[in-house]
Structure formats: C-alpha cells, structure tokens
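# Commentary on secondary and tertiary structure
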Amino acid sequence: MGLKAYPHTLEIEVQNQVIGRLLQRICDNRAVIFPYATKNQHLWLIAGPTQHELELTITRLGRFLVPSYATFNSENNQPQFKYFDATKNELQRLGALLYPAGYYSMQAPSRHLDIILSQLDLWMDLEKEQPTLVTNSTPTYYSLQERFQTAIAATDWQEAEKIIHELQRMHMITADNVAFLQIQLLAQQQRWPEIWQRPDFASLARIRMPKAVRAALLTAFYTSTLLPLEREGGWDQALATFQQNRAKLGLLLTGRFGLTQPPIIHVFAYQAALDKDLDNLRQLATVTDSTIVHDFIQRLQQIVAPAIQVETQTSQQSQEQEDSAFSLQYKIQKALFQQNYDEAEQLVRQLDEGPEKSLILMQIAFYSSDISLANEALITYWDLPSSVQQQLESRYLFLHSYIQHLKVLTQYETTPEETNATHLQPDHINSWVEWFDYVESFSSDQITISTSLNRLLANKDTSSWTKETITQVGEKLFTYLDSSTSNASQHLRDVLLYFVEAFLADNDFPRIEGYYTDIYLILYIGIIENLHINQTYGLAILRLAEAILMQDPQKCEEVFHELYEWCEQPIPALEDWVLETFDLFAEYGLPPGLLINWYRDWLSTILNTPRNQERNKLQTWQQFGRWIQPGQDLISRLDQAIIKVVEEDTRDTIAELPAGYRIGILTLRESSAQRVKEMLLERNKGLDIRICIEKDFSEQVKAIAQKSDMVVVVTTCLKHAITYGIAPYLKGDLVYPISSGSSSILAAIEQRSKG
C-alpha cells in the first residue's frame, strides 16, 4: 500500500493520500477504518475512541461500502462487535492500546481497494463539512444560579449581571431573591456603601435570607457607619450610632449563625455592649484569633464594665432567684420569643436527644436559613422512631412546611425511608471526605451518590474547615479528578466548581499557608484539564494561577505553557482574558520573548476581526507590544488601527479632564497601574496619577481617598482591609474596574469620565 516506516524518527512515508488521511485520524484520536491485507482480499478494521463514536461510524460507513464493495465479516452479513485481544498478535495488541472501545470488521476483494479508498475519501470530506449540531436548551433556575455563583467567584462581574437579568427576563425569580443576588455581587466587589444605601435595606433585613447575604448586609452596615468612628476613637458615638440603626437592622441581629468575619463580630459586640451582656462579649472574643477583634472587645468591656458592675450588685440576687425558678425549656422559649436564635441554639444543646430538641432545632433552622443547622435538624428528626414522627406531624401542623423548607434548603431529594434499602442512606454521608470514599468504593450506586452530593453542594460554608480537613479534602479531590470512573465523572464538573467557588469566594483569598496553595494548584489543574474554554473559567484560572505564583514565582514559565495550551487558538470574545493574562505574566517577570507567537496570533486575529475596535484595548496591546517586541510589521498595523479609532472618536473625555485632575488607583498589582498611568498621560499630560499598593488601610490610603477627584478601587486584587470604611473619606468619584488588568482599569476610568 505504499507505506514505509522510519522507526528512529517515528515517521511513516505514505504514497497514497487517502491512506495518509486515515493514518492522521489515528493521531487525532478519531474513529478510523484501515485495511489489513491478505492474499486475495482485504480485511477492513473499523475502530473508534468511544463506543458511541464507533457505532456512529459503522452506521455511516455501511452506507458507503456495503454491500456494493464490501461485506461485514460475519456469517449473517451483519456488523459483529469485538474487542481487541492483546494476547493474539501485534495488530491486536496495538488495537487494544489505541482503541479499547472495540472494533467492527469488513471484508472486500483486493480489486476493490481503489474504489473503497475513493469512497472513504468522500466520507472523510463529507464528515469534514458536516455542520455542528447546535441544540438550544432552555436554562433552568438551578443552572443559572450555578453559573452566577461561578461568575462571582471568578470575578466575572459582567457575566453575573447578565445572569441576574436573564433570571428576571424568564420570570424564574422573586423580587427578594433578585435583591439577594445583587447584594452577593456587590459584596464580592466590596462595594459596601452601595449595599448600605439600598432603599430596600430595612425591608430585606426583616425576612429570611441566605447566610452569605446576612454577612454582606451586616458588613455593609459596619464598614459604612461604625468603622470610620472607630478609627477616630469615637467609641461613644459608635455605640450611639449602632443604637440609632438598630431598628433598621431588623432580624439581622437575631444571631450570628456561625459567621465569624471580624466586621460581624464587631456588630454583635456592639449589641452585647448596649445590652450590658459581659458574658456574650467574652464569648465573642473566643470565636476568632484576631488580635484586632480582641483589642476591640477589650475596649468595649472597659466602657461598659462600670455600668454592668453597678447593675450586677443590685440584680444578682434576683437573677439567682430567676435562674432557679425557671427551667431550661423556659429559657429556650424566651430566647425564641425574643428572636435571639444564637442563645436559643446554645441552650438547646443542653437538652437530651428527643422530640423537643428536634422541634426547636427545626424552628431555629427555619428562621435562620442556616444549611448546616438545617441538615442537623433533619437528621435529628429522622432519627426519631416513625411512630413519634407521625404523632408530631399530626400534633404540629406547621411541622410539614418546616420539613419541606429544610429539605429544599439542604437539597434532600428523599427521606431515608424513601430511599432504596439496598443503598447506604444519603444522610450517613455528611462530609466531602465520606462522599469521595463512597464514590471510590461504590461508584455504581448513583442514587446515594447523587442525593448526598446535592446536599453537600447546597452548603457553601467552608469557614469551619480546619487545616486537616482542607488537606484531606485536597488529597481526595485530586484522586477523584485524576481517576474518575465513567459513573462518577458525570458529577465531576459540579464537584470541581463547588470547590472553585468556595475557595475563590473566601474573604482572605489567596491565603499563604502551604495547604491552601496545594488545593489552589489542584483546582487550577482541574479547570485546565476538565472544563471548556470561556471567560468565566479563564478568569478563575488566572486568580488561582496568581495565588500559586505569589508563593512560587519561579513557576511563571510553567504557568505560561499551561495557559498557552489551554487557549492556543485566539478567540476574539476572550480578548479581555488574554490581556489580563499578559498583565499577570508581566507582573511575575515572564521573559517577553516567550509571548511573541501568542501575542502575534492574538493581535492578528483581533485586527482582522470585522468589528468596532475599542481604543483602550488597542492602547493596552500597544503597551504590551513595547514590552514583547513582536515585530514592526504587526506594530505598524496596530498603530494604524489606533489612528483610525482616534479619528473616528468625536470626543476624548480623558483629554478634556482639567490640568491637575487627580486620579488615585488603589491596587496590589503595581505594573498594571503603571501601564494605565502611562496610557492616561499619553492622552492628557496634565493629569495627576497617584498609585497606592498598600495592603491595609493607612494614612496614605486615607489621603488618596480624601484628595483625589477619582478613586479607582481594584477590588479583585485588594484585601478587604482597604475597602472597609473607605467611603466616608471619599471626596470624588469612586470607580470599580471589572478586573485588575490595565485594559479594564483604563476602560473604567474612561467610562466614568464620560459621566
């Protein structure tokens, strides 16, 4: 057949073009048909990388070849499926290695070789021209909600806003849930003043809400009203301000429900101080290791202690009488009546297991919408005998609605009684480690795997995870991603995105501890190897890559090669992403020569795309071109494109800003801010650009906030310490770029300059 092999160079010389095309399909891991010559006839083997592709190929090839030129190699002339047997001969061994999904075979006279090859050439041409099947599936509320959570974790703000509009357009969401999503988005952007100033803040504070929304509302109140007074030492005024806003905070003050962020502890410490509850103040000091929080609580104790001592002397005797007179059950009911759910939860822990404890736990979980507590309440209830459950549901008519709400909250699809008895009851899998172990041992049990997974996915709170938990989960996740079975891998995307969202949404991301860096690396590799290319996943990869490079900058070249392979072909819709990628590599000192080919491919594609070009993006390409030096031919084309855009732009609002106009940029990525400064000064030499790379709130941050006409807060790479409490010092416009890249910062400044 005109084949000549060169083993030392791993090359094959082919004289027949069709044979060459068939060999190339093997290299591309696609379905293939190939002849195996005997004396009087040819045996044609049809193999495919998957069972589905193999069946599709044999069906199509049958129409081209059977029965005119070939027949199936079976007694009844019907396709007969077989697996390659590696023990028979070299051909079978190689077949088992390349195509473990199996094969079919045909036989044909040798004289039909040329016409069969001609038919196969036509088949491959038609397959190449075959249009891609596009299915327009209607998104569900769950899928859109999942996309929203991924988008905010990846800091893809535009995608998050688009999803909120889509949910509204399709009437999939209530007004209060729209507000909850908007608040979560603003919180991830650290836009606390906008949350506090919402007209519906007081209304939202009086309804049940997710824990993340509760945390955002409390943080917005603290950073906008109390923190500035603390910084000036106005403790009495801060207490008075808290008292004035207490009614507006509504049900937000009914309990922390496990929230341990410093702003939230501060809020509840103020409440305890006003209530002169010294015990609660001491208890709040135990929930965090933060020295700042401890110093703050100690300061409050010094303020309220004298008044507490006076009251204690006069009321100690009556309190002792009250404590002895009233039972534990009375104290619990009193706490519930006062909507003090934190105290009620502490008290209910003292009750013995039984119906009463189960009912109270469900009541607290119902009003707090705390997923962990809801999970515990359901398990406690289902541990009761069936007869007791029936009596309770007959006696308390509200119980059914409580159970249904908690099942929705925790994603329980069935109760243990409704689950097939041959499976492990899903409520016995209460942690990710248990779930990974179960998948490894019982991968075929999809009922238990899916049901328990839905509950784990519903609980986004990982704040209580210890070093040991994170290390163990990381090891299990790595093994799962590396060796998922066909049954388990159907959940791989959901599992991977859960951990991506959980760790990227962490207020302290990126953390510097080694065990965190390990799991960042696992997630980074997981996205590259398992998720398709889009803007949201791309931004998530960049956040994880930067977290890794912060701890090990020498991996910059390795990260470059991985990202290059992930998105080698330019996609104009991902222009923002690739510019952000260049920003990252510039920050960590990647040799610019490595980027020449990638830069040329991307910029050539962008310039050739028939669309309106944006001046700020072209300027950013120009800045990177000066660094990378991709060749004068491409730079000349870029210069011409910029000239054309400038000529078509009837008004340059950056150039119109008055001399001395000050723009303060708060960021941790200095190189990106410097590029922005250079691009702004090219358009207006009279601007006063100040860059601040402080990690914590300082006098420099305060001065920039007070003395700048425009303050740019790059929240995607700033710690919360900077954004907490900056609003009261602002004298000019506040701008939030959608990312930390130079193109994004420039676009945000230009947009605000237009008014």
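Residues numbered from 1 in each chain as written. Predicted model: local features only at pLDDT ≥ 70, side-chain atom pairs only at ≥ 80, totals over all residues. Heavy atoms only, no water.

### Things to note about the overall build of the protein
Basically, it comes down to this: Here a helix means four or more residues in a row that DSSP labels H or I, a strand means two or more in a row labelled E, and each is numbered from the N terminus. Accessible area is worked out with a 1.4 Å probe on protein chains only. A residue is then buried under 20% of its type maximum, exposed over 50%, and partly exposed in between. Should any heavy atoms of two residues lie within 4.5 Å, those residues are counted as being in contact. All accessible-area figures derive from a Shrake-Rupley calculation using a 1.4 Å probe, and residue coverage is judged against the displayed protein chains alone. The convention is simple: Lys and Arg are positive, Asp and Glu are negative, and His and the chain ends are not counted. Lys charges are placed at NZ, Arg charges at CZ, Asp charges at CG and Glu charges at CD.
Per the secondary structure count, the protein includes 35 helices and ten strands. A buried classification covers 50% of the 755 residues belonging to the protein. Taking contacts inside the protein between residues at least 6 apart in sequence as the whole, the part at least 24 apart equals 69%. Accessible surface for the protein amounts to roughly 36900 Å². Of this, 49% is attributable to carbon and sulfur atoms. For the protein, the distance from the average position of its 64 positive side-chain charges to the average position of its 93 negative side-chain charges is 4 Å.

### Overview of the sheet that holds strand β8 (residues 688-692)
To be explicit about the condition: Any two strands with at least two DSSP bridges between them are considered paired. To get an axis, a line is fitted to the C-alpha atoms, and for a helix only the part in contact is used. The angle between two axes follows their N-to-C directions and goes from 0 to 180 degrees.
As summarised here, the arrangement of the four strands in space is β8-β7-β9-β10, forming an open sheet in which the pairing is parallel. The sheet is open, and its two borders are formed by β8 and β10 (733-735), each paired with just one other strand. Strand after strand, the sheet turns through a mean of 20 degrees between neighbouring axes, direction not considered. Judged from the five bridges that link them, strand β7 (residues 662-666) and β8 form a sheet pairing that is parallel. By the bridge assignment, I663 is partnered in β8 with I689. Its contacts with the sheet place helix α32 (residues 670-683) against β7 and β8, and it is angled at close to 175 degrees to β8.

### Some points on a nonpolar patch on the surface
Going by this rule: A patch consists of residues exposed above 30% relative accessible area that lack any salt bridge, with like charges linked at up to 9 Å and nonpolar side chains (Val, Leu, Ile, Met, Phe, Trp, Tyr) linked at up to 5 Å. We count a salt bridge whenever a side-chain nitrogen from Lys or Arg sits within 4 Å of a carboxyl oxygen from Asp or Glu.
Together, L94, L97 and L98 make up a nonpolar patch on the protein surface, roughly 290 Å² of accessible area in all. Structurally, the position occupied by L94 is in helix α3 (residues 90-98).

### Some remarks on the packing of aromatic side chains
Note the cut-off: Aromatic pairing here means that ring centres of Phe, Tyr or Trp (its six-membered ring) are within 6.5 Å. Orientation follows from the plane angle: under 30 degrees is stacked, over 60 is edge-to-face, and everything else is tilted. Think of it as a cone above the ring: NZ of Lys or CZ of Arg counts as a charge over the ring if it is within 6 Å of the ring centre and within 35 degrees of the ring normal.
Evaluation of the coordinates by the stated rule reveals 37 aromatic pairs. Ring centres of W432 and W435 lie 5.8 Å apart, and the angle between their planes is 75 degrees; on these two criteria the pair is classed as edge-to-face. One end of the pair, W432, and the other, W435, are both in helix α21 (residues 432-441), three residues apart, so they sit about a helical turn from each other. Assessed through its relative accessible area of 4%, W432 is described here as buried. Summarising the aromatic geometry, the rings of W577 and W598 are spaced 6.2 Å apart at their centres and angled 80 degrees between planes, so their arrangement reads as edge-to-face. Note that W577 is positioned in helix α28 (residues 575-587) and W598 in helix α29 (residues 596-608), a separation of 21 residues in sequence. Accessibility assignment for this pair places W577 and W598 in one class, buried. Taken together, the aromatic side chains of W432, W435, F436, W465, Y480, Y498, F499, F503, F509, Y515, Y516 and Y520 make up a single cluster linked through ring pairs. One Lys or Arg, K248, reaches over the ring of F201 and ends 5.3 Å from the middle of that ring.

### Things to note about the pairing of strand β3 (residues 32-37)
In the sheet, β3 pairs with strand β4 (residues 41-47) via six bridges, with the strands oriented antiparallel. If you follow Y36 over to β4, its bridge partner there is L43. The hairpin turn running from β3 into β4, its antiparallel successor, is three residues long.

### A look at the packing of α21 against helix α22 (residues 446-458)
To keep it simple, the criterion reads: Any angle that is under 35 degrees is reported as roughly parallel, and any over 145 degrees as roughly antiparallel; angles of 65 to 115 degrees are reported as roughly perpendicular and all others as oblique. What makes a crossing left-handed is the near helix being turned counterclockwise from the far one by less than a right angle; a clockwise turn instead makes it right-handed. Three residue categories are used. Nonpolar comprises Ala, Val, Leu, Ile, Met, Phe, Trp, Tyr, Cys and Pro, charged comprises Asp, Glu, Lys and Arg, and polar comprises the others, including Gly.
As a packed pair, α21 and α22 sit with axes 11 Å apart at the nearest point and diverge in direction by 160 degrees. Relative to α22, the element α21 lies roughly antiparallel. Taken as a pair, α21 and α22 cross one another with a handedness that is left-handed. Across the interface between the two elements, W432, W435, Y438 and V439 of α21 pack against T448, I449, S452, L453, L456 and L457 of α22. Along the lines of polarity and charge, the residues of the contact of α21 with α22 split into eight nonpolar, two polar and no charged.

### A short note on helix α7 (residues 175-188)
For clarity, the threshold we go by: What a helix is expected to span follows from its residue count: subtract one and scale by 1.5 Å.
For α7, which comprises 14 residues, the first-to-last C-alpha distance of 20 Å matches the rise-based estimate of 20 Å (1.5 Å per residue) to within 8%. By the criterion of burial, α7 is predominantly enclosed, with ten of the 14 residues buried. Along α7, the positions that sit buried rather than exposed are V178, A179, F180, L181, I183, Q184, L185, L186, A187 and Q188.

### Some words on the sheet that holds strand β5 (residues 71-72)
Spatial strand order, β3-β4-β6-β5: four strands in an open sheet with antiparallel pairing. Bordering the open sheet on either side are β3 and β5, each of which pairs with just one other strand.

### Remarks on the confidence of the model for the protein
Filter applied, for reference: The quantity known as pLDDT measures the predictor's confidence residue by residue, on a range of 0 to 100.
On average, residues of the protein score 83 in pLDDT, and 90% of them are at 70 or above. Low pLDDT, under 50, characterises residues 414-424; the stretch is placed with 21 contacts to residues that sit more than four places away or in other chains.

### Thoughts on the pattern of salt bridges
Applying the stated rule across the entire model yields 33 salt bridges. One salt bridge connects E376 with R349, and the closest N-O pair in it is separated by 2.4 Å. One end of the pair, E376, is in helix α18 (residues 371-382); the other, R349, is in the loop between α16 (341-348) and α17 (355-368), with 27 residues separating them in the sequence. For E376, a relative accessible area of 28% corresponds to the partly exposed category. Here the residues in one salt-bridge network are R615, D652, R683 and E750, joined through shared partners.

### What to know about the environment of I749
Note that I749 resides in helix α35 (residues 742-753). Judged by relative accessible area, which is 0%, I749 ranks as buried. Residues I749 and I654, 95 residues apart in the sequence, show an inter-C-alpha distance of 8.3 Å. Non-local contacts of I749, meaning those with residues more than four positions away in its chain, are made with I654, I663, V676, L680, M710, V712 and V735.

### Re the side chain of Q619
In plain terms, the rule: N or O atoms within 3.5 Å of each other form a polar contact, as long as, within protein, one can give a hydrogen and the other can take it, and as long as residues adjacent in sequence are counted only when both atoms are side-chain atoms.
Locating Q619 in the fold gives a position in helix α30 (residues 615-628). With relative accessibility at 4%, the residue Q619 sits in the buried group. Within polar-contact distance, the side chain of Q619 engages the side chain of R683 at 3.0 Å. Setting aside residues up to four positions removed in sequence, Q619 forms contacts with I642, M679, E682, R683 and L746.

### Here we look at the nonpolar core
Short version of the rule: Put simply, a nonpolar core is a bunch of buried Ala, Val, Leu, Ile, Met, Phe, Trp, Tyr and Cys residues held in one set by side-chain atoms that sit within 4.5 Å of each other.
Grouped together as the largest cluster of nonpolar side chains are 82 residues, with contacts concentrated most on W432, W435, F499, F503, W598, Y599 and W621. In this view, W621 contacts E575, V578, L579, F582, Y599, W602, L603, I606 and L638; residues no more than four positions away in its chain are not counted.

### Focus: the pairing of β4
For β4, the tally of buried residues reaches five of seven residues, placing the bulk of the element in the interior. When β4 meets strand β6 (residues 103-109), the two strands line up antiparallel, connected through seven bridges. Across the sheet, residue I46 finds its bridge partner in β6, namely Y104.

### Quick notes on the environment of L54
Examined against the element boundaries, L54 turns out to sit in helix α2 (residues 51-65). Apart from residues lying up to four places away in sequence, L54 is in contact with I46, A47, G48, F81, A101, G102, Y103 and Y104.

### Let's talk about the packing of helix α25 (residues 514-530) against helix α26 (residues 535-551)
Here α25 crosses α26 at 145 degrees, and the two axes come no closer than 9 Å. Crossing of α25 against α26: the hand is left-handed. Along the contact surface, α25 presents T517, Y520, L521, L523, Y524, I527 and I528, while α26 presents Y537, A540, I541, L544, A545, A547, I548 and Q551. The residue inventory of the contact of α25 with α26, partitioned by class, reads 13 nonpolar, two polar and no charged.

### As for unusual backbone geometry
The omega angle of the peptide bond from V66 to P67 is 0 degrees, so this bond is cis rather than trans. Mapped onto the elements of the fold, P67 is located in the loop between α2 and β5. A positive phi angle, near 55 degrees, is found at H171, a position not held by glycine. Structurally, H171 is set in the loop between α6 (157-169) and α7. By relative accessible area, H171 is classed as exposed at 71%. Despite not being glycine, Q190 has its phi angle at roughly 60 degrees, a positive value.

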